[in-house]
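Architecture and fold: a report
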Amino acid sequence: MTTTTQSPAFGSATVTLGHSELTVRPIGLGCMGMSQFYGPADDSESAATIRAALELGVDFLDTSDVYGASDITFGVPIRGFGHNEQLIGEAIAGHRDEIVLATKFAAKINDTENGIAIDGRPEYVRTACEASLRRLGTDVIDLYYYHRLDPSVPIEETVGAMAELVAAGKVRAIGLSEVGPDQIRRAHATHPISALQSEYSLWERRVEGSITSTCRELGITLVPYSPLCRSALTGSLKSGSTFAADDFRATNPRFSAENLAVNLEPVEKLQALAAEKDCSPGQLALAWLLAQPLDVVPIPGTKRIPFVRENIAATDVAISADEVALLAGIFAPGRIAGERYAPVHARTVR
């Protein structure tokens, strides 16, 4: 449900997250890259970016307990399990009441299973929540996501444990991530689901259809992660771009030299349309998401203040129904070459 309010850098719209009483502005901030995946990050710069985002009107921060634990692709320890939550907790000190704070549980790092284990056991739900509360320096998590599905535990059991956290006042609303329609319905029958966080962008359209229709039917807000497709939709990458060994894209199939050359062709058309509209290609890509026929709150990730400003200005970009359809055609499903994840990651998503 969309309402109106005023904020320093946004338009007037806010979005109510699903069945909760939580309202957020239309674009949040994904904080994962402040701890891992995209090369080195500076904690001081990241904290300054978070505080600047709050001053600019951002009121929805996204993290996970696993962010910073390791670069899962390589299994090499980076900052430590919970680093990102602790970073955010310190950065928002004194401003907690201004923020809708989202975090996740279930993904764990170990020396087996290619470095990834998923734990959806009810007893782990409770343990993980208490640990996240301590690291975040808060008494309650606004939106608590089941990060990845544990196939060995019925989703009703996991969500039932999450519902107990709501009843205990430790969590305000429940979300899921990277699950399909059947799992959404089963979870929602156990406790109202307020948000689904899944990858969604012009480059990645697989949520369209049965998943988005299920969200509309059940009143669940869609929270797209990687809405700029790891910077590919910003126009900053060129054919032949290479990535450092500690950059997730170095092992991502869509960013291989062969696939990237193909995948940047529609981005050139996005850039041309953005130039006509006097906005950046990234802003136009975000505006396309905001124009979808359901409640959508993208969470583009960045660790730098100028990109926060650029991303939230996407709410000022007017996009017509014809332009939405044009871009959908340019980036038609099947147009992007390569799987979205290498096998180590692919096995954890729907």
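Residues numbered from 1 in each chain as written. Predicted model: local features only at pLDDT ≥ 70, side-chain atom pairs only at ≥ 80, totals over all residues. Heavy atoms only, no water.

**Regarding the overall build of the protein chain**
When helices and strands are tallied, the protein chain shows twelve helices and 14 strands. Taken across its 350 residues, the protein chain has 58% of its residues classed as buried. Looking at the protein chain alone, contacts between residues at least 24 apart form 74% of all its contacts between residues at least 6 apart. (Helix = DSSP H or I, 4+ residues; strand = E, 2+ residues; numbered from the N terminus. Buried < 20%, exposed > 50% of the residue type's maximum accessible area, 1.4 Å probe, protein only. Contact = heavy atoms within 4.5 Å.)

**Topic: the sheet that holds strand 12 (residues 171-177)**
Note on sheets: strands pair through backbone hydrogen bonds, and any given pair is parallel or antiparallel. Read across the open sheet, the seven strands follow the order 4-5-8-11-12-13-14; overall the sheet is parallel. Looking at which strands have only one partner, the edges of the open sheet turn out to be strand 4 (29-30) and strand 14 (221-225). As paired strands, strand 8 (residues 100-105) and strand 11 (residues 141-146) are joined by four bridges and run parallel to one another. In the strand pairing of strand 11, Thr-103 is matched with Tyr-144. Along the sheet face, helix 3 (residues 122-136) touches strand 8, strand 11 and strand 12 and points at about 140 degrees away from the line of strand 11. (Pairing = 2+ DSSP bridges. Axes fitted to C-alpha atoms, helices over the stretch in contact; angles between N-to-C directions.)

**Considering the confidence of the model for the protein chain**
Across the protein chain, pLDDT averages 90, with 89% of residues at or above 70. This model gives residues 72-77 a pLDDT under 50, and the stretch forms 18 contacts once residues within four places in sequence are excluded. (pLDDT = per-residue confidence, 0-100.)

**Regarding the pairing of strand 2 (residues 13-16)**
Of the strand pairs in this sheet, strand 2 and strand 3 (residues 23-24) are connected by two bridges, and their pairing is antiparallel. By the bridge assignment, Val-15 is partnered in strand 3 with Val-24. Where strand 2 hands over to strand 3, the hairpin turn is made up of six residues, of which Gly-18 adopts a positive phi near 50 degrees.

**A look at the packing of aromatic side chains**
As enumerated under the stated definition, the model contains five aromatic pairs in all. Between the aromatic rings of Trp-203 and Phe-255, the centroid separation amounts to 5.4 Å while the plane-to-plane angle is 55 degrees, which identifies the pairing as tilted. A residue pair is termed long-range when its members are at least 10 positions apart, and Trp-203 in the loop between strand 13 (195-199) and helix 6 (210-218) and Phe-255 in the loop between strand 14 and helix 7 (257-263) qualify at 52 residues. With respect to class, Trp-203 is no different from Phe-255; both count as buried. Considering the side-chain rings of Phe-243 and Phe-255, the 5.7 Å spacing of their centres and the 90 degrees angle between planes classify their relative orientation as edge-to-face. Of this pair, Phe-243 sits in the loop between strand 14 and helix 7 while Phe-255 sits in the loop between strand 14 and helix 7, and the two are twelve residues apart along the sequence. By the burial criterion, Phe-243 is buried, and Phe-255 matches it. Taken together, the aromatic side chains of Phe-105, Tyr-144 and Tyr-146 make up a single cluster linked through ring pairs. In this arrangement the basic side chain of Lys-108 is found over the ring face of Tyr-124, its NZ or CZ atom lying 4.6 Å from the centre. (Phe/Tyr/Trp six-rings, centres within 6.5 Å; stacked < 30°, edge-to-face > 60°. Lys NZ or Arg CZ within 6 Å of the ring centre and 35° of its normal.)

**A short note on the environment of Gln-271**
With respect to the element layout, Gln-271 can be found in helix 8 (residues 265-276). Separated by 37 residues in sequence, Gln-271 and Thr-234 place their C-alpha atoms 8.3 Å apart. When residues no more than four places from it in sequence are discounted, the contact partners of Gln-271 are Gly-235, Lys-238 and Pro-281.

**Quick notes on the nonpolar core**
Counting 82 residues, the largest nonpolar core has Leu-176, Trp-203, Leu-327 and Phe-331 as the members making the most contacts within it. Discounting chain neighbours no more than four positions away, the residues touching Leu-176 are Tyr-145, Tyr-146, Ile-155, Val-159, Gln-183, Ile-184, Ala-187, Ile-193, Ala-195, Leu-196 and Gln-197. Listed in part, the 18 residues of the second largest apolar core include Leu-17, Val-24, Val-100 and Leu-143. (Core = buried A, V, L, I, M, F, W, Y, C linked by side-chain atoms within 4.5 Å.)

**Remarks on the pattern of salt bridges**
Under the counting rule described, the total for this entry stands at 23 salt bridges. The salt bridge involving Arg-186 is made with Glu-156; its shortest N-O contact spans 2.8 Å. Of this pair, Arg-186 sits in helix 5 (residues 181-190) while Glu-156 sits in helix 4 (residues 155-167); the two residues are 30 residues apart in sequence, bridging distant segments of the chain. By relative accessible area, which is 30% here, Glu-156 ends up partly exposed. The salt bridge partner of Glu-199 is Arg-230, with a shortest N-O separation of 3.1 Å. In this pair, Glu-199 is assigned in strand 13 and Arg-230 in the loop between strand 14 and helix 7, connecting sequence segments 31 residues apart. As far as the burial class goes, Glu-199 and Arg-230 line up, both buried. One continuous salt-bridge network, built from bridges that share partners, spans Lys-108, Asp-119, Arg-121 and Glu-123. (Salt bridge = Lys/Arg side-chain N within 4 Å of Asp/Glu carboxyl O.)

**Side note on the packing of helix 3 against helix 4**
Taken N-terminus to C-terminus, the directions of helix 3 and helix 4 make an angle of 40 degrees; their axes are 8 Å apart at the nearest point. Between helix 3 and helix 4, the interaxial angle falls into the category oblique. Between helix 3 and helix 4 lies a crossing of right-handed hand. Taking contact as the criterion, the partners of Pro-122, Val-125, Arg-126 and Cys-129 in helix 3 are, on helix 4, Glu-157, Thr-158, Ala-161, Met-162, Glu-164 and Leu-165. Partitioning the contact of helix 3 with helix 4 into residue classes produces six nonpolar, one polar and three charged. (Parallel < 35°, antiparallel > 145°, perpendicular 65-115°, else oblique. Left-handed = near helix turned anticlockwise from the far one by under 90°. Nonpolar A, V, L, I, M, F, W, Y, C, P; charged D, E, K, R; others polar.)

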